[in-house]
Every structure is written in structure tokens, then in C-alpha cells.
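So the chains spell out like this:
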Amino acid sequence: MKHDTGLLTKATQLAADAYNETIPGAQKFENPKTSTTAFVLKTAEADYCIWRGTESMRDWRFNAMFWPWPVKRAFVHYGFYRHQQAVWKELRKILNPGKKTIFAGHSLGGACAEISALLFQGNDTHLVTLGKPNTMSKIRSVRLDHLQTHYSVVNGSDLVARIPRIGYQPTTSKVLRQLWFSDSGKNFINPETAFKREEWSAAESVSDHSVSEYVERMAGFCKQCTTPPPTPITQSKKKKRKK
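Attention here is on the structure that accompanies the text. Each chain carries its own residue numbering, running from 1 in the direction its sequence is written. With pLDDT at 70 or above as the cut-off, local features in this predicted model cover only qualifying residues; side-chain atom pairs require 80 or more to be listed or tallied, and sums for whole chains, interfaces and linings still use all residues. As a rule here, side-chain values cover all heavy atoms of the structure and leave hydrogens and water aside.

### So, helix α3 (residues 78-92)
Logical step 1: The helix and strand labels rest on DSSP assignments: H or I over at least four residues marks a helix, E over at least two residues marks a strand, and numbering proceeds from the N terminus. A helix is expected to span 1.5 Å multiplied by its residue count minus one. The first and last C-alpha atoms of α3 sit 20 Å apart over 15 residues, in line with the 21 Å expected at 1.5 Å per residue.
Logical step 2: Taken residue by residue, α3 has Tyr78, Gly79, Phe80, Tyr81, His83, Gln84, Val87, Trp88 and Leu91 as its buried positions. Relative accessibility decides the category of a residue: with a 1.4 Å probe and only protein chains considered, values under 20% of the type maximum give buried, values over 50% give exposed, and everything between is partly exposed.

So, in C-alpha cells, the structure goes:
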């Protein structure tokens, strides 16, 4: 299975950079009332829309607003939606639906990126989330089948990637790849539910959510993808001497 390691590397690093005050070359959007922060980085090839994750106690207030809210054809987590909407109107104005657009974010930023991808409906839309909580309600299943690339990355026992559990579910699409960084050090694509339950470790549930952990594991994964397998050593057969 081939992976776009360039896209994964850049999106992951930008998701980490979103916790800084600035991202070089990017336009910043923020709302002090909701403590929402997002960046748009425009390159010749694509536009990157990056959302900052949970950073303050005010952000946790929005995490707790977990009642479902109708948005287009879906029901989404109201707190995440309200957080995303705080800057979306202005941010949306500079995005081009006809250009390749990548939405990315870590934690609460991943939830905002997912809602943005749902609302954007561009012709060439991609989504990469890291440690994203469940955003879509079970009231109505929704698929993001307009996505060209869809990665939901989970680091081992990350607690945030498993909540809220009651009434909510992970989002899917025809191109979804859940990239699972196992606590054992191995990497898996779309692992079975039973395996993910066995992976759970309360001791690692908080540390596994760290964005720096995601950056480190992603670097290892992408390196593994681009490293050719070793050439097998074959033993030459000895020729029999003619008598």
C-alpha cells in the first residue's frame, strides 16, 4: 500500500506548528472569545488549512458541549462546531474550491479540520487528523466520500482519539486510512476494533496524545515507507565436476 509521505509529513509538522504564535508564510485567523486559532498557508501546489488543538481551559469548555447539532447532512458535536465556526466565515473567503486543499489538525484542531472538510466540499480536498476526538453523531451516519485523501492518525493509547464514546462515532470515507501507531512500535492501517481495545493502556493514555509523539512516530513511519526492503541473499549452487 502506497502512502503520500510528503503530504503526511507536511500536514503533521504544520499541525504541530499551529501551537506556535505564527507559521512562516501563513495567514492567521483567531477569535479570542472562543480561543480558536487557525492558519492558512498557500503554496503553488496547494492550500493548507491548519487548526490549533486544545491549549487552554476555555478549549475544554467546548469539548464538554457534546450534544449533537445539525450541520448539512450530518449531526456534529456542538462544542467542536461552535469552536470551528468562530473563524470559519472569514477563513473560508480565501480558500479556492478548485485548488488542492488540505485540512489538518491535532486534537480539537483535528475535529475542526474534519468539520471544515465536511463544509468545504472542494474538488480536490484532503484531510489529515492526529489524535482527533469523535466528531460525528450516531444519529445519522455521514461519509466524506468527496475526499481525495483521508488519514485519521491515532497514537497507541491516546485517550482523546477514543472520546466521546457514547452517541458518537469515527467518520469514514471511501479512501479512509486509519493509521495506527501501536505502543509496540509497529504501524497498522485500519486495524480491527478488537486489536485497538487490546492496545489500550491507561498509563500511556495521556502521553500518547502529545503532538510531539505524533511528529516523531510519523517521521518513523514515512521513513519506513520510503526505505526499500533489503535485497534477499541467495546462495549460488555449486557446479558438479564432470568425471
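### Here we look at the sheet that holds strand β7 (residues 125-130)
Logical step 1: Pairing is mixed in the open sheet, where eight strands are placed in the order β1-β2-β3-β6-β7-β9-β11-β12. Looking at which strands have only one partner, the edges of the open sheet turn out to be β1 (27-31) and β12 (187-189). The mean inter-strand angle of the sheet, taken between neighbouring strand axes irrespective of direction, is 15°.
Logical step 2: Strand pairing follows a simple DSSP-based rule, namely that at least 2 bridges must link the two strands. Taken together, the three bridges between strand β11 (residues 176-181) and β12 define a ladder with antiparallel strand orientation. Convention adopted: a line fitted to C-alpha atoms gives each axis, helices being fitted over their contacting stretch, and angles between N-to-C directions are expressed from 0 to 180 degrees.

### Here we look at a nonpolar patch on the surface
Logical step 1: Like-charged residues are merged into a patch within 9 Å and nonpolar side chains (Val, Leu, Ile, Met, Phe, Trp, Tyr) within 5 Å, provided each residue has over 30% relative accessible area and no salt bridge. Computed by Shrake-Rupley with a 1.4 Å probe, the accessible areas treat only the displayed protein chains as cover when residues are assessed. When a carboxyl oxygen of Asp or Glu lies within 4 Å of a side-chain nitrogen of Lys or Arg, that pair is called a salt bridge. Where nonpolar side chains cluster on the molecular surface, the patch consists of Leu159, Ile163 and Trp200 and spans about 240 Å² of accessible area.
Logical step 2: Note on placement: Trp200 falls in the loop between α5 (193-199) and α6 (211-226).
Logical step 3: The class for Trp200 is partly exposed, based on a relative accessible area of 36%.

### Here we look at the pattern of salt bridges
Logical step 1: Here the structure, examined in full by the defined rule, presents seven salt bridges.
Logical step 2: Notably, a salt bridge pairs Lys93 with Glu90, separated by 3.2 Å at the nearest N-O pair.

### Some points on the pairing of strand β5 (residues 74-77)
Logical step 1: Of the pairings in the sheet, the one linking strand β4 (residues 68-71) to β5 comprises four bridges and is antiparallel in character. Paired with Val71 across the two strands is Ala74, which belongs to β5.
Logical step 2: Between β4 and β5, which follow one another and run antiparallel, lie two residues, and Lys72 among them has a positive phi close to 55°.

### Here's the deal with the packing of α3 against helix α4 (residues 108-120)
Logical step 1: Contact geometry for α3 and α4: axes closest at 9 Å, N-to-C directions at 55°. Our classification of the angle between α3 and α4 gives oblique. Between α3 and α4 lies a crossing whose hand is right-handed. Residues Phe80, Tyr81, His83, Gln84, Gln85, Trp88 and Arg92 of α3 form the contact with α4, whose participating residues are Leu108, Ala111, Cys112, Ile115, Ser116, Leu119 and Phe120.
Logical step 2: Residue composition of the contact of α3 with α4, by class: nine nonpolar, four polar and one charged. What sets the label is the angle itself: under 35 degrees gives roughly parallel, over 145 gives roughly antiparallel, 65 to 115 gives roughly perpendicular, and the rest give oblique. Crossing handedness follows the turn of the near helix against the far one: under a right angle anticlockwise gives a left-handed crossing, and clockwise gives a right-handed one. The contact rule is simple, with two residues in contact once any of their heavy atoms fall within 4.5 Å. Polarity classes work like this: nonpolar for Ala, Val, Leu, Ile, Met, Phe, Trp, Tyr, Cys and Pro, charged for Asp, Glu, Lys and Arg, and polar for all others, with Gly in that last group.

### Side note on the packing of aromatic side chains
Logical step 1: Only Phe, Tyr and Trp rings are paired, with Trp represented by its six-membered ring, and only when their centres lie within 6.5 Å; those with planes under 30 degrees apart are stacked, over 60 edge-to-face, the remainder tilted. Applying the stated criterion across every chain yields a total of six aromatic pairs.
Logical step 2: Their ring planes at 55° and their centres at 4.8 Å tell us that Phe188 and Phe195 sit as a pair that is tilted.
Logical step 3: Taken together, the ring pairs in this structure connect Trp67, Trp69 and Tyr78 into an aromatic cluster.
Logical step 4: For a Lys NZ or an Arg CZ to count as sitting over a ring, it must be within 6 Å of the ring centre and within 35 degrees of the ring normal. Across the ring face of Tyr48, the terminal group of Lys10 is positioned such that the distance to the ring centre comes to 5.4 Å.

### Some remarks on the pairing of strand β9 (residues 147-155)
Logical step 1: The element β9 is largely enclosed, with a buried count of eight among its nine residues.
Logical step 2: Pairing analysis gives six bridges linking β7 to β9, with the strands arranged parallel. Looking at the pairing, Thr125 lines up with Leu147 of β9.
Logical step 3: Note: β9 against β11, six bridges, orientation parallel. Each bridged residue has a counterpart across the sheet, and for Ser152 the counterpart in β11 is Gln178.

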